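The lines below spell out each chain.
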Amino acid sequence: MTPSVAKKIKSFYDRFKEDDAVLVLINADPDAIASAMAVKQLLQQHVDRVTLSHINVIERPDNIAMVNLLNAGLVHVDRIKPKRFSRFVILDSQPSHNEIFGNFTFDAVIDHHPDGGNSNLSPKAFRDIRPEYGATSTIMIEYLKAASIEPSYKLATALYLGIKTDTSDFERNALVEDVRAFQFIYQYTNTHLARRIEQAELKPEFLKYISRALTRKTIRKNKIIAHIGYVENPDICVIIADFFMRIHSMKWSIVSGIYDKKLIVVLRNDGVSRDAGKTAKKIFDQIGSAGGHKSMARAELPMDVFARETGKKTGKDIQAWLVQQFTPH
């Protein structure tokens, strides 16, 4: 254990008391789910109780399988009564990333995304934000080691998947620390269980969105762009954007859909082209929230603001606008 990690874990523990009821909030994906499970393990002997809560609807097949097979124990935020909790933790995200997080004041934030500032943090909040890291799961593994906690096979499998997913099998945004954390956690991981989660089947109802994306797509300058209209879950845009990156010679994939009165835009690139996170902020930041990493990014734009700022309302208009933004003549 390095002195810096030992200092961080002590500072983290100092934010909590034995009688605290802790609420951990995440926007659920493999890295966030794994990190939440790790924090619960870290805190269970130090506080009265820990509840893990997600703000999004979990419908991606692999995420559903992960939650169920690893017994993540997540509760949707709509079922949470904040007054029953004395401490609040946000993981793999920051308060500025979603308006729902704005309803809470956080006592700790641990994340690997770019620093979003100090909004909605308590005066003495613990902050560990490392945008150079490939996954928040890496940070959590360092904490577990510093606390001398041996992870169960379910927690280890979750952290294994968290690193694999957010580094895309070490093809993007990875440091030597991510590799070391992965090597450490691998010895406790049930790889057969991990494979079952990774190979979870798509729901049949997703096929209509894939068909819609294939019909509406525009391919130009090694970029594939598709607006798929109203979606039952924004993760559908992620699935299709990842799928499009498998098409030969594609360097960019941009997929958008409308969910909960917002235009969700998911960006993927080959990791060699321009920074996806910076590109998203440049194009969308004046309309809504946007950001991400070099090879993956996301924007969430209120539809009323988007329509007012761009004059675009119909699906065809949105498709044309996106094509113009990403492939200007």
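### A few points about the nonpolar core
Considering soluble globular proteins, one finds that nonpolar side chains tend to be buried as a cluster. If you look at the biggest cluster of nonpolar residues, it comprises 56 residues, and the most contacted ones within it are F12, V24, I26, I33, L43, L74 and L159. The biggest single contributor to this core is helix α2 (residues 30-43), with nine residues. Look past the residues within four positions of V24 in its chain and what remains in contact with it is A36, V39, V50, T51, L52, S53, V89 and L91. In this structure, I225, I258, V305 and W321 belong to the second largest nonpolar core, which totals 24 residues.

### Brief notes about the packing of aromatic side chains
In total, this model carries 19 aromatic pairs according to the counting rule given. A ring pair is formed by F306 and W321, whose centres lie 5.1 Å apart and whose planes are at 90°; its orientation type is edge-to-face. Taken together, the positions of F306 in helix α11 (residues 303-310) and W321 in helix α12 (residues 315-326) put the pair 15 residues apart, joining distant regions of the chain. Put simply, the rings of F12, Y13, F16, F126 and Y143 pair up and form one aromatic cluster. Stacked on the ring of F85, the Lys or Arg R49 has its end atom at 5.0 Å from the ring centre. Lying over the aromatic face of F184, K145 brings its terminal NZ or CZ to 4.8 Å of the ring centre.

### Thoughts on the sheet that holds strand β9 (residues 252-259)
Judged by pairing direction, the sheet is mixed, and its six strands sit side by side in the order β7-β8-β9-β10-β12-β11 without closing on themselves. The strands lining the two open edges of the sheet, one partner per strand, are β7 (218-220) and β11 (289-292). Along the sheet, successive strands turn relative to each other by an average axial angle of 10°, direction set aside. The sheet strands contacting helix α9 (residues 235-244) are β8 (223-230), β9, β10 (262-269) and β12 (296-302), and the helix crosses β9 at an angle near 165°.

### Comments concerning α9
Buried residues dominate α9, accounting for eight of its ten residues. Listed as buried for α9 are D235, I236, C237, V238, I239, I240, A241 and F244. Residues of α9 that are buried make contact with α3 (61-69), α8 (207-216), β8, β9, β10 and β12.

### With respect to the environment of A297
Mapped onto the fold, A297 is located in strand β12. As for A297 and V266, which are separated by 31 residues in sequence, their C-alpha atoms are 6.1 Å apart. Discounting chain neighbours no more than four positions away, the residues touching A297 are V265, V266, L267, R268, A276, G277, A280, G291 and G292.

### Remarks on the pairing of strand β2 (residues 49-54)
Of all six residues that make up β2, five are buried, and the element is covered over most of its length. Examined bridge by bridge, strand β1 (residues 21-26) and β2 share six bridges and lie parallel to one another. Each bridged residue has a counterpart across the sheet, and for L23 the counterpart in β2 is T51. In this view, the connection linking β1 to its parallel neighbour β2 by way of α2 has right-handed handedness. Bridge count for β2 against strand β3 (residues 74-76) is three bridges, and the pairing is parallel. The residue of β3 that forms the bridge with L52 is L74. At this point the chain moves from β2, through α3, to the parallel β3, and the crossover so formed is right-handed.

### What to know about the sheet that holds β3
The sheet built from six strands is open, its strands ordered β3-β2-β1-β4-β5-β6 with parallel pairing. The sheet is open, and its two borders are formed by β3 and β6 (121-129), each paired with just one other strand. With strand direction ignored, the average angle separating the axes of adjacent strands in the sheet is 25°. Relative to β6, strand β5 (residues 106-111) is paired through five bridges, and the arrangement is parallel. Along β6, the bridge assignment pairs F106 with L121. The sheet contacts of α2 involve β1, β2, β3 and β4 (87-91), and relative to β1 the element is tilted by about 165°.

Calculation criteria
Residues numbered from 1 in each chain as written. Predicted model: local features only at pLDDT ≥ 70, side-chain atom pairs only at ≥ 80, totals over all residues. Heavy atoms only, no water. Core = buried A, V, L, I, M, F, W, Y, C linked by side-chain atoms within 4.5 Å. Buried < 20%, exposed > 50% of the residue type's maximum accessible area, 1.4 Å probe, protein only. Helix = DSSP H or I, 4+ residues; strand = E, 2+ residues; numbered from the N terminus. Contact = heavy atoms within 4.5 Å. Phe/Tyr/Trp six-rings, centres within 6.5 Å; stacked < 30°, edge-to-face > 60°. Lys NZ or Arg CZ within 6 Å of the ring centre and 35° of its normal. Pairing = 2+ DSSP bridges. Axes fitted to C-alpha atoms, helices over the stretch in contact; angles between N-to-C directions. Right-handed = clockwise from strand over helix to strand, strands pointing away.

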